[in-house]
Amino acid sequence: MLISMDIKPFHLPKLAQERPIVIAGPCSAETEEQTLQTARTLAANGVQIFRAGIWKPRTKPGGFEGIGVKGLPWLKRVKEETGMYVATEVATEKHVYEALKYGVDVLWLGARTTANPFAVQEIADALRGTDIPLLIKNPINPDLELWIGAIERIYNAGIHCLAAVHRGFSSYDKKIYRNQPQWHIPIELHRRYPQLTLFCDPSHIGGRRNLIASIAQQAMDLQYDGLLIESHCTPEKAWSDSEQQVTPDALKDILSNLVLRDMKQSTDDLVDLRREIDVLDNELLSILSKRMRISEQIGSFKKEHNIAVLQTGRYNEILDKRIADGENMGMSGEFMRTVLEAIHEESVRVQMDVMNRK
Ligand code: PEP
Ligand code: MN
């Protein structure tokens, strides 16, 4: 059920409200010097909101888990010296109290926290009575309802200046992206809550710095409001997420090369629907190409073990089952047969190709 929320646009008093709103800074605050040096260059390059992780949720123990409370005075110094707003991640009630005590301006919920309703509720309760802007990253798993649930919990605690951050979804397949973008999920979120400010975090989606520019451009083409990008004065020496951070100067280049297309018709329903079609077609192509790669592997396996390409029994079984599944999903059986036969034919061709290769 869609609960109605009177969400306010992401806003800070001194922010020049240009699109994109940029939040940049290192994955983690490591030392006072690294924090200040990065912040000074970012500020000189026009960034108005500085991010730095103080508490870091790491996959395995033993790594750098964030500098902790000791880093909060560094953020205070960044504010005083550069005039930038500062933002950090909170994952527990204690983080919220500490961050507020040191005057952090913007807080965010990380992907692992959004996936945990108990943690979100604990943070929501700790925030009650404040009006600090809060960013909510998507959960690590591609579950739109869980994302919305976190937004509702925070909203119900009286925090109405909210924004969503799309940072991609964890997947076993990390060939291109560290986290699969699955653009249709944030787009559906935006369709349901058009007033919710939407940021893209191309650093955590890409996982590699050379992917950031193209992901950020895609986000602009999809009408996102802002970008959250990791930037470090010496990325190759970073204590966390080293491969995906860019220097403040590289960030400046990325931002100045973004093309902001004329979106006069963006409120037009047809434009919105076409955009959804573009995204879905993109996914369809990527799924088809993955499927063909698997056919190739099957071809090699069959060649090695001397198995025939076509096993009619299996094919008929699959075809009947898929047609029935497709019909259950509201598509015509005839259409399903045409599509599946075309895919199968190409799969067989790919397998034959592999088997007959010298
Ligand atoms: C981060 O922003 O550094 C971070 C840990 O992000 P996420 O929660 O998206 O993994
Ligand atoms: Mn990071």
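Structure first, text after, so check above.
Residues numbered from 1 in each chain as written. Chains lettered and ligands numbered in written order. Predicted model: local features only at pLDDT ≥ 70, side-chain atom pairs only at ≥ 80, totals over all residues. Heavy atoms only, no water.

> If you had to explain the coordination of the manganese ion (ligand 2) to someone new, which residues and values would you point to?
Coordination sphere of the manganese ion (ligand 2), protein contribution only: Cys27 (SG), His204 (NE2), Glu230 (OE) and Asp241 (OD), at 2.1 to 2.4 Å. Judged by its relative accessible area of 8%, His204 falls in the buried class. (Donors = N, O, S within 2.8 Å, 3.2 Å for Na, K, Ca; no water. Buried < 20%, exposed > 50% of the residue type's maximum accessible area, 1.4 Å probe, protein only.)

> Now, about the site of ligand 1: what can you tell me, with residues and values included?
Lining the immediate environment of ligand 1, one finds Cys27, Arg51, Lys56, Glu89, Trp108, Gly110, Ala111, Arg112, Lys137, Arg167, His204 and Glu230. With respect to ligand 1, the side chain of Arg112 contributes an N or O atom lying 2.9 Å from an oxygen atom. Separating an oxygen atom of ligand 1 from a side-chain N or O atom of Lys137 is a distance of 2.8 Å. Out of a free accessible area of 300 Å², ligand 1 has 97% covered by protein chains. (Near = heavy atom within 4 Å. Polar contact = N/O pair within 3.5 Å; in protein donor to acceptor, adjacent residues only side chain to side chain. Areas by Shrake-Rupley, 256 points an atom, 1.4 Å probe, with all protein chains shown as cover.)

> Give a description of the side chain of Arg275 that names residues and reports values.
Structurally, Arg275 can be placed in helix α11 (residues 269-305). Using a relative accessible area of 14% as the deciding quantity, one classes Arg275 as buried. Only 2.8 Å separates the side chain of Arg275 from the side chain of Asp272, close enough to count as a polar contact. (Helix = DSSP H or I, 4+ residues; strand = E, 2+ residues; numbered from the N terminus.)

> Break down the sheet that holds strand β1 (residues 21-25) for me, citing the residues and quoting the values.
Around the barrel, which closes on itself, the 8 strands sit in the order β1-β2-β3-β4-β5-β6-β7-β8 with parallel pairing between neighbours. The mean inter-strand angle of the sheet, taken between neighbouring strand axes irrespective of direction, is 25 degrees. With 5 bridges connecting them, β1 and strand β8 (residues 226-230) associate as parallel partners. Across the sheet, residue Ile21 finds its bridge partner in β8, namely Gly226. (Pairing = 2+ DSSP bridges. Axes fitted to C-alpha atoms, helices over the stretch in contact; angles between N-to-C directions.)

> Lay out the side chain of Gln245 with the relevant residues and their values.
With respect to the element layout, Gln245 can be found in the loop between β8 and α10 (248-256). Look at Gln245 and you get buried, because its relative accessible area is 0%. A polar side-chain atom of Gln245 sits 2.9 Å from the main-chain carbonyl oxygen of Ser240.

> Describe the nonpolar core, naming the residues involved and giving the relevant values.
Soluble globular proteins tend to bury their nonpolar side chains together. If you look at the biggest cluster of nonpolar residues, it comprises 70 residues, and the most contacted ones within it are Ile154 and Leu162. It is helix α6 (residues 144-156) that provides the largest number of residues to this core, a total of 7 residues. For Leu162, the residues in contact, after removing those within four places along its chain, are Ile7, Lys8, Phe10, Leu134, Ile136, Ile151, Ile154, Tyr155, Leu196 and Thr197. Listed in part, the 15 residues of the second largest apolar core include Ile49, Tyr85, Leu135 and Val165. (Core = buried A, V, L, I, M, F, W, Y, C linked by side-chain atoms within 4.5 Å. Contact = heavy atoms within 4.5 Å.)

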